[in-house]
Structure formats: structure tokens, C-alpha cells
Amino acid sequence: MTGSIFPGGLRSDGLPAALSDPRRIAAVLATGLLDTEPEQPFDDLAEVAAAITGCERAFITLVDEDRSFWKSCVGVDIQQSGRRQNPARESFCYFLVGLGDRFVVEDAAEDPRTRDHPSVAPMKIGAWAGYPILGPAGEVLGSMCVIDENPHPWQPAELAALGTLARAVSNEINLRGTLAAARESLLVSQALARSLQDSLLPPVLRPVPGLDVAASYQPAAGGTTVVGDFYDLFHVRGPWWSTVVGDVCGKGVEAAKVTALARYTLRADAAQHLSPAAVLLRLNAALLAQRQDDRFLTAVYATFRLTPGGLAGRLCCAGHPPALIRRADGRVRQIEAPGPLLGIFPDIQLADVRFRLAPGDTLLLYTDGATEAREQLGAPQAARPLFGEDALAEALASTHGLDAAATISRLSRVLALHTRDWASDDTALLALRVPPHS
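Residues numbered from 1 in each chain as written. Predicted model: local features only at pLDDT ≥ 70, side-chain atom pairs only at ≥ 80, totals over all residues. Heavy atoms only, no water.

Re the overall build of the protein
The secondary structure content of the protein amounts to 10 helices and 16 strands. Look at the contacts in the protein between residues 6 or more apart in sequence, and 67% of them connect residues 24 or more apart. Surface summary for the protein: the accessible area is close to 20,100 Å², and the carbon and sulfur share equals 54%. (Helix = DSSP H or I, 4+ residues; strand = E, 2+ residues; numbered from the N terminus. Contact = heavy atoms within 4.5 Å. Areas by Shrake-Rupley, 256 points an atom, 1.4 Å probe, with all protein chains shown as cover.)

Here you go:
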């Protein structure tokens, strides 16, 4: 290394101290390219480097603390050499790492910086030119270099092209790192969104004595944000129970805040008011009192008790898709209970509708992710038909004889087939069934 002065000094073995810089080593390892197989994008760039400069050999290397790994090498018989690397001491790449800049030698045997280098004669290095491959923070990861067996007076155009190719290699590596980080971030975002969404749903439905209950929540495909679909089932007082399915407009943290407010307001007021309409009116007032944007909520809420003949209840719908009842013989009917959205207007009119379930009957509550499920991707949205209320009613009719869990499972499969497992919206389903007499 006669004639070379490295800004970071030398290691005890006489090589540049920059080779052992922990941040540089970490950046090299982060590429995930050490000891990997050749790849066409890198081989193509190395071929171009050799062609432009007229050199017999071209390399794309990654340099760790002890070696220079050849990610791509042109003009080298790998089968004969049996390896795609050489020790750092035997490579000119350490000059680049130590200097943090390009390294160019026109006559390696005469240049004072390289004439005593151990690889000049064995590797037939007449001339060498290389530019650093840089990491995202400017770390020198390795080099894009060419070797001529004879002395070579490098032309400015050749060096400019080599520098451009080195930047292209750097960009390829860094873009891969950015993509990997983005994928990791997406996975983390999805996990956080699902965790927050799950916190807004009961982990398991509380069992209701004498009743068969089941629910499911299916997130939209590829979703990374929390949405407002929710459901709940809880004891009110005495023989009375309540259940609700709701849908908050929008997504994200703000929607989650509205969802949490809705769930806990409903639970708090349910014990004071057995009328679903009265409870939803209280929720409407709470939403308006806390309102900070244009978010609104739809909900279907029911209060019920078991009777000797099955189940008797009252239901109120606020801008939500109508509840469905599947009779024991498979007939399905809607519970017509139209009402306005919650959280928009202070003075709204809501009314309760009575309903009954006999043994074998099932009540289904759901969000619009079920009826608005689109057939498939790959076509304009207008050309992708919605699943629709009629199809949902038919699917529910086909589940007669099934318990609540099997009913929810069957409906989920039907929707998945319709969307080809790529749901455009989250979907909540909840079923209450009176078991048939044994």
C-alpha cells in the first residue's frame, strides 16, 4: 500500500481501518447479498462495464471485514477458480473502502500504490478502475470495477460510464432494501391494525343459556388500517340480553375511537333502557357530543329474552342493513326497521320492531361488507357486481338445519367464493339461533 493514505488509518494488519467500521459492516450485511447466487440484473451491468471499457474482466463486489465477495464477475472461469471471492488483502477493493472514493490505476506494476500488491502478478492485473457501491447512508459496500491485463490509459468517458454503472448497482441494492423495509413495515402495520381491531371486538361471544350464538369478523384483503365494523353480545339484566352490529364510516384511529365510544356507550346505557331505540338515541347524543369530523355510524341493535316458546325481542335499525330471520324450514325474511344514521343530526326518530324466534330459527346481523362484496378484481369497479341482499338471503336459506357456528362458516365461504378471497371491505356476521327441540 505504498503511497496510499487512508483517512481512517490502518488496522493492525496494515489494511484500512474502514474495512472494520461496524456501521459499514452492518450495511453490507443488510443487503442480504453476501454468499448469494449470481443474478441477471447485476450480471448485465457487469457485462456493460466490460464492453464499454474493452476490459477482459468486470466485477461487482461486496466487501466485508475480511473478503471481497463477487456478486457478479465477467471473464472469470468460476468452475476453474472454484470460488467467487478472495481475501480482502488480495483485492484492490480495499482501496475504495479506505478512500471512500474511486480508485484508478493505469499501470498496476508501476504505480507506487499497487506495484507491491500481492495480486498484481497472479491475477494478471495490468490496469484497474473501480467506483464504490454506496449504501443508503453513503457507506461503501463494495465496488464496480474492471481489470485490463495490460496497462490502460483510462479515458474520461470510460470512467464516467463506470461511475454511472456503479450508481446503478447502488440504486438496485438500495431499492431492494427499501422494498424489503416497506414490506416489513406493511406487515407491522397490518399486525397493529388487526390487534387494535381485535381489541374493539369481544375475544369470544359470551354464552347465552339456551341459545346458540356465533360471530365472525373478516378483514378486507390487504388491509393495514383499522376500520369501524364491530359487534357485541352481552347480558343486560334479569332475563334480558342485548346484541349489536355496527359500522363506523371511515378507517384509521379516528374510526377506532368512534367504535370504542359506541361499544362502551351501548353497554353503559343498555341496563337503563330495554328499548333498543332509546339506547341508540343515547348513542346518537354521545356521538354528537364527541364529534370532531364528519364520521357517522350505522347500527342494528336488539334486546331479547328467552321464552318457553323460543326467543322474544325488540330490534332497532339506524341506517344499517336489515336483519334477517331464517326460519327452521329455510324461509328467510327481513326485519323491516328503517332508521337514520347516527352521529349526524340531533333530532332523529327511531322505533323498535318486535320479533320472535321459534326453535330452529336464526337471527342474522351483518355489516354491508357482506352485501357489497364485489365479485373479483381485474375489472372496472362498475363491472364487478355486488353480492347483494337477495344473494345473502339465498345463502342464509341454504343453511337451514345448521347451528349458528356452521351458519356463519357457510356464509363466510360463500362470500369468499364470490370475492375470490379478495374482500374489498371488512365484514362482520353475527347469528343467534334457538336450538330445535330434541
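Having seen it, we continue.
What about the sheet that holds strand β3 (residues 85-87)?
Here we have six strands laid out as an open sheet, ordered β3-β2-β1-β6-β5-β4, and antiparallel in their pairing. Of all the strands in the sheet, the pair left with one neighbour each is β3 and β4 (103-105). In this sheet, neighbouring strand axes are inclined to one another by 25 degrees on average, regardless of whether the strands run parallel or antiparallel. Sitting on the sheet, helix α1 (residues 22-30) touches β1 (57-63) and β6 (140-148), and the angle it makes with β6 is about 75 degrees. Most of the contacts of helix α2 (residues 40-53) go to strand β2 (residues 67-74), to which it runs at about 75 degrees, and overall it touches β1, β2 and β6. (Pairing = 2+ DSSP bridges. Axes fitted to C-alpha atoms, helices over the stretch in contact; angles between N-to-C directions.)

A few points about the nonpolar core
Counting residues in hydrophobic clusters, the biggest one holds 30 residues, and the most contacted among them are I60, M144, V146, W154, V169 and I173. Only α1, α2, β1, β2, β5 (127-134), β6 and α5 (156-199) provide two or more residues apiece to this core. Leave out the neighbours within four places in its chain, and V169 touches F42, L45, I60, I133 and M144. Residues V213, V245, L311 and L432 belong to the second largest nonpolar core, which totals 27 residues. (Core = buried A, V, L, I, M, F, W, Y, C linked by side-chain atoms within 4.5 Å. Buried < 20%, exposed > 50% of the residue type's maximum accessible area, 1.4 Å probe, protein only.)

Brief notes about the packing of aromatic side chains
Across all of its chains, the model carries eight aromatic pairs by this definition. Taking 4.6 Å as the distance between ring centres and 25 degrees as the angle between the ring planes, the aromatic pair formed by Y94 and F95 counts as stacked. In this pair, the class of Y94 matches that of F95, namely buried. Here the aromatic residues F6, F92, Y94, F95, F103 and W128 are joined through ring pairs into a cluster of three or more. Residue placement shows R263 over the ring face of Y264; its charged tip is 5.7 Å from the ring centre. (Phe/Tyr/Trp six-rings, centres within 6.5 Å; stacked < 30°, edge-to-face > 60°. Lys NZ or Arg CZ within 6 Å of the ring centre and 35° of its normal.)

What about unusual backbone geometry?
A positive phi angle, close to 60 degrees, is found at D35, a residue other than glycine. Checked against the element boundaries, D35 lands in the loop between α1 and α2. Positive phi, normally seen in glycine, also occurs at K124, with a value near 50 degrees. In this fold, K124 is placed in the loop between β4 and β5.

Concerning the pattern of salt bridges
Side-chain pairs of opposite charge can arise where the charged atoms are in close proximity. If you walk through the whole model with that rule in mind, you get 13 salt bridges. Where R433 meets D212, a salt bridge forms, and the shortest distance between an N and an O atom there is 3.5 Å. Of the two residues, R433 is situated in strand β16 (residues 427-433) and D212 in strand β7 (residues 212-218); the sequence distance between them amounts to 221 residues. The partner of R282 in a salt bridge is D269, with the nearest N and O atoms 3.5 Å apart. (Salt bridge = Lys/Arg side-chain N within 4 Å of Asp/Glu carboxyl O.)

A short note on the side chain of R67
Along the chain, R67 falls in strand β2. Within the local environment of R67, its side chain forms a polar contact with the side chain of D35, the two groups lying 2.7 Å apart. Polar side-chain contacts of R67 include one of 2.5 Å to the side chain of Q85. Those residues in contact with R67, other than ones at most four positions away along the chain, are L34, D35, L62, Q85, N86, P87 and A88. (Polar contact = N/O pair within 3.5 Å; in protein donor to acceptor, adjacent residues only side chain to side chain.)

Section: the pairing of strand β10 (residues 297-307)
With respect to burial, β10 is a largely interior element, nine of its 11 residues being buried. Both β10 and strand β11 (residues 310-318) contribute to a ladder of nine bridges, which runs antiparallel. In the sheet register, V300 faces β11, and the bridge partner there is C317.

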